Amino acid sequence: NKQLETREMGSTKAHALVLPFPVQGHINPMLQFSKRLASKGLKVTLVATTNSVQAPDNSIDIEYIPDGSDQTDQKKDAGLERFKSVASRVLPDLIEKLNGYGSCPVKLVVYDSILPWALDIAHELGLCGASFFTQSCAVSAIYYHMSHGSLEIGSLEGENVVLPSMPLMGVKDLPSFISDMDAYPALLRLVLDRFSNFEKADWLLFNSFDKLECEVVNWMASQWPTKTVGPTIPSMYLDKRLEDDKDYGLSLFKPGDEDCIKWLDTKESGSVVYVSFGSLANLGEDQMEELACGLKQSNRYFLWVVRASEESKLPTNFATEASEKGLVVNWCPQLKVLAHPAMGCFMTHCGWNSTLEALSLGVPMLAVPQWTDQPTNAKYVVDIWEAGVRVKVDEKGMIRREEIEMCIREVMEGERGNELKRNAVKWKEFAKEAVDEGGSSDKHIDEFISELVRR
Ligand code: UDP
């Protein structure tokens, strides 16, 4: 069959080195993509950093390098520069070392699109380069327009932004690096920088799928070698074969223990609100309190991920006082949680992975976007995919407890709740279709491997 053919094609001929920027939201999709390539017969080596606390199974090889955090410049935006200085130095040596093993030399570097210098290194060494975008196609296209001067902000406050193949968007729906340009100039430069050489990349890979973003995918594919290859979620979650849960790994956080799954096991179907703001977002102490009170007032069961570094912002004794209704954990196996039958609603910051995971597992969302691409993802969740509602922020920039309580009800109750659930389940079916054998993303991966092997 076709898959076997691809596997045969890949098996002896190509070795891919995969290089994510070492933050959790970039590691997860690139690790899962690596595994998918390996399952089709490619040899894959993933570059990880020495601060990882958990390693994946052995379907791919891992090479550990320092992440540069031991260097002196600890400025907020400097992480990428530090990683660049370390990784760009070790990458050529690493490739040489891997090639020294003989059997299957490195032919391709799949690099995180925010590390455009990796393409230059790959090409200097005569290798192919594929840029892997860990954000949505829509967000990537917006950054492209910005980098090419076809999106001008400034005079646009209150107006709608018109971009090819995209819905009308308010300025506030754009990524925060654009709508609030003065806040993170270095990060804006960074996300735009990837377009400095992306036209030289041999492939542009996106963690998305055609049906989800069809218009903007078509627009991109008409001009660049674009391939959607997502959602990069282990298929056992899409198939609900949860007995084997060893399919994840490579975490920068201590893996959440099984207690929260046991806790979920005791809850009725569709009854729990899962709350997480991902691996980076920080809420203010006041906002944490409003959130805590809103959850309590909703009178729903809730599972809330509060990272260890954020824990001191919780109201005193909250976890103990709320323990009848809620469980607070520092980190959890999110896919397992979202795939659990008790899941009723995901209160999410709308990081791209979380958004895609919720859609792919049929969980309606309560969107609480914070920064970066999250406002744009929230816009799509509510207006395009119609699988969630978005909280309203008051004039002081706060989301009040009453608003949180009301939105939880909207997602979990009545006809509106049913409609959001139906839509989420529809996206889940489309996601599974895309990655199943012969689906759009599966086909793109097969094509990508055949094209690579032929080069
Ligand atoms: N995640 C997890 N456990 C948690 C919280 C998050 O495994 O308790 C995972 C989640 O499944 C997702 C990633 O961490 O794959 C977060 O990426 P996302 O793009 O949603 O947000 P970011 O952390 O980049 O803001």
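The preceding data block contains the structure.
Keep in mind it's a predicted model, so treat the numbers as computed, not measured. (Residues numbered from 1 in each chain as written. Predicted model: local features only at pLDDT ≥ 70, side-chain atom pairs only at ≥ 80, totals over all residues.)

Caption draft 1: Geometry of the overall build of the protein. A tally of regular secondary structure across the protein gives 18 helices and 15 strands. Whereas a compact globule of 455 residues would reach a radius of gyration of roughly 23 Å, the protein reaches 22 Å, a difference of no more than 12%. In terms of its C-alpha atoms, the protein occupies a principal-axis envelope of roughly 60 × 55 × 45 Å. (Helix = DSSP H or I, 4+ residues; strand = E, 2+ residues; numbered from the N terminus. Rg over C-alpha atoms; globule rule 2.2 N^0.38 Å.)

Caption draft 2: Quick peek at the nonpolar core. Membership of the largest hydrophobic core comes to 128 residues, with the highest contact counts inside it found for Tyr274, Leu338 and Leu366. No other element matches helix H5 (residues 137-147), which puts seven residues into this core. What leucine 366 contacts, discounting residues up to four positions off in sequence, is Cys345, Phe346, Met347, Gly388, Val389, Val391, Cys407, Ile408 and Val411. (Core = buried A, V, L, I, M, F, W, Y, C linked by C-beta atoms within 7 Å. Buried ≥ 20, exposed ≤ 12 C-beta atoms within 10 Å, placed from the backbone. Contact = placed C-beta atoms within 7 Å.)

Caption draft 3: Quick peek at the environment of glutamate 324. Relative to the assigned elements, glutamate 324 resides in the loop between helix H12 (318-321) and strand S12 (326-329). The exposed category is assigned to glutamate 324, around which 6 C-beta atoms lie within 10 Å. For the pair glutamate 324 and tyrosine 301, spaced 23 residues apart in sequence, the C-alpha to C-alpha distance is 8.4 Å.

Caption draft 4: Inspection of the site of the ligand at higher detail. Taken together, the neighbourhood of the ligand is formed by 19 residues, with Gly25, Gly278, Gln334, Gly351 and Ser354 sitting nearest. Counting only elements with at least two residues in the shell around the ligand, the list comes to helix H2 (24-39), helix H13 (334-338) and helix H14 (352-360). Of all the elements, H14 adds the most residues to the shell around the ligand, at four residues. Residues that form the shell around the ligand fall into these classes: seven nonpolar, 11 polar and one charged. (Near = placed C-beta within 6 Å. Nonpolar A, V, L, I, M, F, W, Y, C, P; charged D, E, K, R; others polar.)

Caption draft 5: Main features of the pairing of strand S8 (residues 203-206). Neither face of S8 is exposed, since Trp203 and Leu205 on one face and Leu204 and Phe206 on the opposite face are all buried. For S8 and strand S9 (residues 226-228), the ladder comprises three bridges, and the chain directions are parallel. When the bridges of S9 are listed, leucine 204 appears paired with threonine 226. In this fold, the crossover linking S8 to S9 by way of helix H8 (residues 214-221) has right-handed handedness. (Pairing = 2+ DSSP bridges. Right-handed = clockwise from strand over helix to strand, strands pointing away.)

Caption draft 6: Quick peek at the packing of helix H16 (residues 401-412) against helix H17 (residues 414-435). Direction vectors running N to C along H16 and H17 enclose 65 degrees, while the axes themselves pass 5 Å from each other. Here H17 runs roughly perpendicular to H16, going by the angle between their axes. Between H16 and H17, the residues in contact are Glu410, Val411 and Met412 and Arg416, Gly417 and Leu420, respectively. Within the contact of H16 with H17, the residues separate by chemical class into three nonpolar, one polar and two charged. (Axes fitted to C-alpha atoms, helices over the stretch in contact; angles between N-to-C directions. Parallel < 35°, antiparallel > 145°, perpendicular 65-115°, else oblique.)

Caption draft 7: Looking closely at H17. With 22 residues, H17 ought to run about 32 Å at 1.5 Å a step, and its terminal C-alpha atoms sit 32 Å apart, in line with that. Close packing links the buried residues of H17 with helix H9 (235-239), H14, strand S15 (388-390), H16 and helix H18 (440-454). (Expected span 1.5 Å × (residues − 1).)

Caption draft 8: Main features of H8. Along H8, the residues that are buried comprise Val216, Val217 and Met220. Buried positions in H8, seen along its axis, are confined to an arc of 105 degrees and lie on one side of it. (Arc of directions from axis to C-beta.)

Caption draft 9: Molecular detail of unusual backbone geometry. Between glycine 230 and proline 231 the backbone carries a cis peptide bond, its omega angle lying at 0 degrees. As for its placement among the helices and strands, proline 231 is situated in the loop between S9 and H9. Even without a glycine there, the phi angle at serine 165 is positive, about 60 degrees. In this fold, serine 165 is placed in the loop between strand S6 (160-161) and strand S7 (169-170).

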